[in-house]
Amino acid sequence: MALSGMRGLSVFISDIRNCQNKEQERLRVDKELGNVRTRFKNEKGLTPYEKKKYVWKMLYIYMLGYDVDFGHMEAVSLISAPKYPEKQVGYIVTSCLLNENHDFLRLAINTVRTDIIGRNETFQCLALTMVGNIGGREFAESLAPDVQKLLISSSCRPLVRKKAALCLLRLYRKNPDVVNVDGWSDRMAQLLDERDLGVLTSSMSLLVALVSNNHDAYWSCLPKCVKILERLARNQDVPQEYTYYGIPTPWLQVKTMRALQYFPTIEDPNTRRSLFEVLQRILMGTDVVKNVNKNNASHAVLFEALALVMHLDAEKEMMSQCVALLGKFIAVREPNIRYLGLENMTRMLMVADVQDIIKRHQAQIITSLKDPDISIRRRALDLLYGMCDVSNAKDIVEELLQYLSSADFAMREELSLKAAILAEKFAPDLSWYVDVILQLIDKAGDFVSDDIWFRVVQFVTNNEDLQPYAATKAREYLDKPAIHETMVKVSAYILGEYSHLLARRPGCSPKDIFAIIHEKLPTVSTSTIPILLSTYAKILMHTQPVDPELQNQIWAIFNKYESCIDVEIQQRAVEYFALSRKGAALMDILAEMPKFPERQSALLKKAEDAEVDTAEQSALKLRAQQLTSNALVVTDQRPANGTPHVGQLGLVKVPGSANTDHNLQNQGLAQENGTLSKMDPQSVIPSADLLGDLLGPLAIEGPPAVPIEPHAIIASEGDPNPADALALAPVDEQANSVQPIGNIAERFYALCLKDSGVLYEDPYIQIGIKAEWRAHHGRLVLFLGNKNTSPLVSVQALILPPSHLKMELSLVPETIPPRAQVQCPLEVMNLRPSRDVAVLDFSYKFGTSPVNAKLRLPAVLNKFLHPISVSAEDFFPQWRSLSGPPLKLQEVVRGVRPMPLPEMANLFNSLRLMVCPGLDPNANNLIASTTFYSESTRAMLCLVRIETDPADRTQLRMTVASGDPTLTFELKEFIKEHLITIPTVTPSPVAAPAPPVAQPTTALTDPGAMLAGLF
């Protein structure tokens, strides 16, 4: 603001600064406003200099915080002044004093447009700056086309074009429905060829906004963005003024990589290879230095590169390199770098197959829990919580318990909740879970919610084997001289129900139990006394024959509280006293609590409510509209051996639909002895063995396969329910007026092999999926993204699950706001092996156009597989024990897609079947192993052998073996579907292989002969 020559303005500013208090300042401002108002009334006598001076004074008063409700017309009129000083004042003051809805702005539109399309570059810059700052709808309607022409004009200087790009960006953000960018793909691609880095940086900001709304229209810009990154990474043709501490224009690098993240994937192999080379260069060339400014710039580029690597689902080697780099960052002394390292490592957890690599840095992450900076401690806690699984749960939970004693009070509640959830989800056994929760209550009782100890009670009540152990631990904690009131509650409840199981142990007689609990009565609040009264009644009930002394003591307590002012305590005392006088009938009246019904876990819900999502900050989360139910429930279902499955705690998911556990009741496929209860006699059809002669002496010979057609068995029992029938049928593209973008079937099959991607897309909506699978449980998140500026209404999503899956979808909001994204979690539990597919019936309205799509969900059989490596010592006994149908099935498969053996091995790995090299001496054969998880089979080992003919890759022999006949058949058919060209209709029944061939009985010592004899 040039004040040279404006003596009056300088004197006024000096007077304001010399004011001793606020009152003097206000009086001086009122005096000046009165003077300006008087002079403006006689506008004809004002010179341009005086008008400019008074408008400057108005702006200064406005900046001091005072209302300026006049003089706006004078400021606007200065915009049309022919000279630069007056025009500059007009544009600046108008931008500050007036908002986009002010009526006076309409008077300036023509003048502003004249300056934009004129030849005076200074006036163009002033006009573009004001339009960009205000960004009103009327400005967008009237001036956006002129701004666009200015941006793509080759005759304008870079300074003007930079301002034009930023002005257009502002107008587009404020009024995306007004600014017409149709057909701008080619123009944006041309702008990305610009050599001036200032124009390129401004244009890239505009491109980020455009692709965030509609990336499909700008695919031509993708290779240009990669070339820009190549240019910058090699520091080619980068002027010195755009190099910041040795880093070529880091702002442009960050914006370019952010733009690339809006494209779903990069199909062109050359472009993808070039991009990964650039990312590799960035990862290798970034390190921590002493210069803070250089660190900030290089790390801004690095962390954006990490986000792009995660988005592109890069190779595991590059992911490992990213994690190793972050591991260096979390070990440095600079707290800002440690924070960024922990935060980005937490984001990396969303990428598949990276969690095991992150576990290598577990010790350093635990060390970060003791950092002086609480923000770093919080990030370390979030990372430990996210990386925890069955393998490291014990170590992590024990560290959290140790840290709990010294943790800040601000973190203890969150820490206690997360420790309780991890103990519940990943406990190796129930006794360890009880130990953890009791330690948690002992160390941080004030921060342990009732939900946590309620959950322990549910587990103890529903698991008889756990009850004596829990009662023993509760008795031990009561021996401590001072314990938290929550510990009194849980110990009293458990001992009241199960102390009779300890009656023969020393110090655990009813009298001893009563005495130690009664010692705590004076120290507890009124909310705990009712629990203690119930415990006393239970102890009295379990004391048979009745101990008169103990009975009198308990009756005295009941009499004492019969007149208590608290209604709950009084009622319990009166009723328990009356019940306890009924003698032997008391055993029936106060019997043990029955097992709790299946119910939702409030802990996981509470964790979600408190969760802060740092990985998806740009997404619009409508959590208020999503009533997600991510609960685990207590169940008394057990495996056949009577012991709970390791790592599962007997927890299952409660589905919201009425389609509950059919298990194998309707199908009748398997009995406890592993034989089939029903079989179609027509299903056993002998066929010639064409591969026997081709493969020579090492050809696998085995008994005939017995194909099992589960759908036919269901039909024999009765028609399946409509949801199952639809789930079994192929889902074709629906006949809508709105056509999908891309091939729906190809998207589905791609998601069968990976855990994230786009399931469906049309011009109005994009449905993406991210999935996580653990044992026989799965969690899918549906991302419903509105791509337009109008809301999507009447949104409905219905899950049609097959009978072998329990599925529950959270509530889907009926309306998706413009350019918003909604996340809808879907919980899945696998009951038994099957290839049937769940269907998502999705519909919405855009304007008056209804759209409906029935989409297959990628909750398929291989998602419940966990690859496992098997050695020769383990493989041969397992294979020998699975002899013949229906546990071992063999089939000659024809019409196989020709592929080299390494490619087939990669396909098996993507199907979660681990290829075990060295087990088969024939180099043309493959052996793979995996573990299948379901509610009925629990963890079931599966073995696969593939024999190929090098001369004819279109046929092979496949042998599949497992301990469950249904699983063997379903896995064989599933693998066959992926070896043959992917079908689009229900596959026809497959003929069985040849009859059995006599196996040699001679002793086999050499591996080749052993294989020939076993298979």
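Cut-offs applied
Residues numbered from 1 in each chain as written. Predicted model: local features only at pLDDT ≥ 70, side-chain atom pairs only at ≥ 80, totals over all residues. Heavy atoms only, no water. Helix = DSSP H or I, 4+ residues; strand = E, 2+ residues; numbered from the N terminus. Buried < 20%, exposed > 50% of the residue type's maximum accessible area, 1.4 Å probe, protein only. Contact = heavy atoms within 4.5 Å. Areas by Shrake-Rupley, 256 points an atom, 1.4 Å probe, with all protein chains shown as cover. Pairing = 2+ DSSP bridges. Axes fitted to C-alpha atoms, helices over the stretch in contact; angles between N-to-C directions. Salt bridge = Lys/Arg side-chain N within 4 Å of Asp/Glu carboxyl O. Polar contact = N/O pair within 3.5 Å; in protein donor to acceptor, adjacent residues only side chain to side chain. Phe/Tyr/Trp six-rings, centres within 6.5 Å; stacked < 30°, edge-to-face > 60°. Lys NZ or Arg CZ within 6 Å of the ring centre and 35° of its normal. Patch = residues over 30% accessible without salt bridge, like charges linked within 9 Å, V, L, I, M, F, W, Y side chains within 5 Å. Lys, Arg positive; Asp, Glu negative; His and termini not counted. Charge placed at Lys NZ, Arg CZ, Asp CG, Glu CD. pLDDT = per-residue confidence, 0-100. Parallel < 35°, antiparallel > 145°, perpendicular 65-115°, else oblique. Left-handed = near helix turned anticlockwise from the far one by under 90°. Nonpolar A, V, L, I, M, F, W, Y, C, P; charged D, E, K, R; others polar. Disulfide = S-S within 2.5 Å. Core = buried A, V, L, I, M, F, W, Y, C linked by side-chain atoms within 4.5 Å. Expected span 1.5 Å × (residues − 1). Bend = angle between axes of the 7 residues up to and from the residue.

### Considering the overall build of the protein
The number of helices and strands found in the protein is 39 helices and 18 strands. Taking all 1015 residues of the protein together, the buried fraction comes to 53%. Of the contacts formed within the protein by residues at least 6 apart in sequence, a portion of 70% connects residues at least 24 apart. Accessible area for the protein stands at about 45100 Å²; split by element, carbon and sulfur atoms hold 52% of it.

### Things to note about the sheet that holds strand β6 (residues 765-774)
Two modes of strand pairing occur in sheets, parallel and antiparallel, and in both the strands are linked by backbone hydrogen bonds. One open sheet accounts for 5 strands, arranged β5-β6-β7-β10-β9; its pairing is antiparallel. For this open sheet the edge positions go to β5 (756-761) and β9 (805-809), each flanked by a neighbour on one side alone. Strand-to-strand twist of the sheet, defined as the mean angle between neighbouring strand axes without regard to direction, takes the value 25 degrees.

### A word on the pattern of salt bridges
Counting across every chain of the model gives 56 salt bridges. Between arginine 161 and glutamate 194 there is a salt bridge; the shortest N-O distance is 2.9 Å. Remark: glutamate 194 occurs in the loop between α10 (185-191) and α11 (197-213) and arginine 161 occurs in helix α9 (residues 158-174); sequence separation between them is 33 residues. Of the charged contacts, one joins glutamate 476 and lysine 473 as a salt bridge, the two residues approaching to 3.3 Å between their closest N and O atoms. Note that glutamate 476 and lysine 473 are positioned in helix α25 (residues 467-478) at a spacing of 3 residues, about one turn of the helix. On the accessibility criterion, glutamate 476 (41% relative accessible area) is partly exposed. One continuous salt-bridge network, built from bridges that share partners, spans Arg378, Arg379, Asp382, Glu414 and Lys418.

### Section: the environment of asparagine 270
Relative to the assigned elements, asparagine 270 resides in helix α14 (residues 269-285). Given the relative accessible area of 43%, asparagine 270 is considered partly exposed. As a C-alpha pair, asparagine 270 and proline 223 span 47 residues in sequence and 9.6 Å in three-dimensional space. Polar side-chain contacts of asparagine 270 include one of 2.7 Å to the side chain of arginine 273.

### Some points on the packing of aromatic side chains
In the structure shown here, the tally under the stated rule is 19 aromatic pairs. Ring geometry for phenylalanine 514 versus tyrosine 536: centroids 5.1 Å apart, planes at 65 degrees, classification edge-to-face. Linking phenylalanine 514 in helix α27 (residues 510-518) with tyrosine 536 in helix α28 (residues 529-542), this pair joins segments that are 22 residues apart in sequence. By the ring-pair criterion, three or more aromatic residues cluster together here, those being Phe40, Tyr54 and Phe70. Over the ring of phenylalanine 70 we find arginine 37; its NZ or CZ atom is 4.1 Å from the centre of that ring. Here the guanidinium or amino end of arginine 856 rests over the ring plane of phenylalanine 748, the centre of that ring lying 4.7 Å away.

### Describing the side chain of serine 298
Mapped onto the fold, serine 298 is located in helix α15 (residues 292-311). For serine 298, a relative accessible area of 12% corresponds to the buried category. Residues within four places of serine 298 in sequence aside, it is in contact with Ile247, Thr286 and Asp287.

### Some points on a negative patch on the surface
Where like charges cluster on the molecular surface, the negative patch consists of Asp313, Glu315, Glu317 and Asp353. Along the chain, the position of aspartate 353 falls in the loop between α17 (335-348) and α18 (355-358).

### Topic: the confidence of the model for the protein
The predicted coordinates ought not to be read in detail in places where the model reports low pLDDT. For the protein, the mean per-residue pLDDT works out to 79, and 82% of the residues sit at or above 70. Here strand β4 (residues 651-652) stands out as the element of the protein with the lowest mean pLDDT, 31, in contrast to helix α13 (residues 250-260), whose mean of 93 is the highest. Here residues 612-734 is modelled with pLDDT under 50, and outside its nearest four sequence neighbours on either side it reaches 301 contacts, counting other chains as well. The low-confidence segment residues 982-1015 (pLDDT under 50) makes 72 contacts with residues lying over four places distant or belonging to another chain.

### Observations concerning the packing of helix α1 (residues 7-17) against helix α2 (residues 22-41)
Remark: α1 packs on α2, axes separated minimally by 9 Å, with the N-to-C direction vectors making an angle of 160 degrees. Here α1 lies roughly antiparallel to α2, going by the angle between them. You can see that α1 and α2 cross each other, and the crossing is right-handed. Contact with α1, carried on its side by Phe12, Asp15 and Ile16, involves Glu25, Arg28, Val29 and Glu32 of α2 and no other residues of that element. For the contact of α1 with α2, the per-class residue count stands at 3 nonpolar, no polar and 4 charged.

### Let's talk about helix α35 (residues 744-753)
By the burial criterion, the buried members of α35 are Ile744, Arg747, Phe748, Tyr749, Leu751 and Cys752. Lining the buried residues of α35 we find β5 and β12 (849-856). With a side-chain oxygen positioned 2.8 Å from the backbone nitrogen of alanine 745, the residue opening α35 is asparagine 743.

### Notes on the state of the cysteines
Enumeration over the complete set of coordinates arrives at 0 disulfides. Free of any disulfide, cysteine 125 has its nearest cysteine sulfur in cysteine 156, 9.4 Å distant. Here cysteine 125 falls in the buried class, since its relative accessible area comes to 9%.

### Overview of unusual backbone geometry
For threonine 249, which is not glycine, the phi dihedral falls at a positive 30 degrees. In the Ramachandran plot, serine 794 falls in the positive-phi region, its phi being about 55 degrees despite a non-glycine side chain. With respect to the helices and strands, serine 794 occurs in strand β8 (residues 793-800). The class of serine 794 is partly exposed, set by a relative accessible area of 41%.

### Things to note about the sheet that holds β12
The sheet built from 3 strands is open, its strands ordered β8-β11-β12 with antiparallel pairing. Of all the strands in the sheet, the pair left with one neighbour each is β8 and β12. Each strand axis lies, on average, 10 degrees off the axis of its neighbour in the sheet, ignoring direction. Where β8 and strand β11 (residues 839-846) come together, 6 bridges link them in antiparallel fashion. Each bridged residue has a counterpart across the sheet, and for glutamine 796 the counterpart in β11 is serine 843.

### Focus on the nonpolar core
Membership of the largest hydrophobic core comes to 216 residues, with the highest contact counts inside it found for Leu207, Tyr218, Ile358, Ile365, Ile517, Leu533 and Tyr536. Residues within four places of tyrosine 218 in sequence aside, it is in contact with Val181, Trp184, Ser185, Met188, Leu207, Leu210, Val211 and Phe263. The next biggest cluster of nonpolar side chains, apart from the first, holds 69 residues, and it includes Cys752, Ala838, Leu840 and Val851.

### As for helix α6 (residues 105-117)
The end-to-end C-alpha separation of α6 is 18 Å, in line with the 18 Å expected for 13 residues at 1.5 Å each. At threonine 111, α6 is bent by approximately 25 degrees, the largest bend along its length. Leu105, Ala108, Ile109, Val112, Asp115 and Ile116 are the residues of α6 that are buried. Looking at the buried side of α6, the elements it contacts are α4 (72-77), α5 (84-97), α7 (121-134) and α8 (137-152).

### A word on the pairing of strand β16 (residues 925-934)
Two faces make up the sheet, and in a regular strand the side chains alternate between them. The element β16 is largely enclosed, with a buried count of 10 among its 10 residues. Bridge analysis of strand β13 (residues 865-867) against β16 gives 3 bridges, and the strand direction is antiparallel. Looking across to β16, one finds that leucine 865 is bridged to phenylalanine 932. Note that strand β15 (residues 914-915) and β16 share 2 bridges and pair antiparallel. Across the sheet, the residue bridging to valine 915 is alanine 928, located in β16.

### Remarks on the packing of α15 against α17
Two elements in contact, α15 and α17, have axes whose closest approach is 11 Å; the angle formed by their N-to-C orientations is 5 degrees. When the axis of α15 is compared with that of α17, the two are roughly parallel. Only Ile337, Leu340, Gly341, Asn344, Arg347 and Met348 of α17 make contact with α15, whose side of the interface consists of Asn295, His299, Phe303, Leu306 and Met310.

### Digging into the environment of phenylalanine 974
Looking at where phenylalanine 974 falls in the secondary structure, it is placed in helix α38 (residues 965-979). Each C-alpha atom, one on phenylalanine 974 and one on serine 834, is 9.2 Å from the other, the two residues being 140 residues apart in sequence. Among all residues touching phenylalanine 974, those that are not within four sequence positions of it are Arg835, Val860, Leu861, Asn862 and Leu911.

### Here we look at the environment of tyrosine 493
With respect to the secondary-structure elements, tyrosine 493 resides in helix α26 (residues 485-498). In this structure the C-alpha to C-alpha distance between tyrosine 493 and alanine 474, which are 19 residues apart in sequence, comes to 9.3 Å. When neighbours within four sequence positions are excluded, tyrosine 493 is seen to be in contact with Val457, Ile531, Thr535, Met593 and Phe596.

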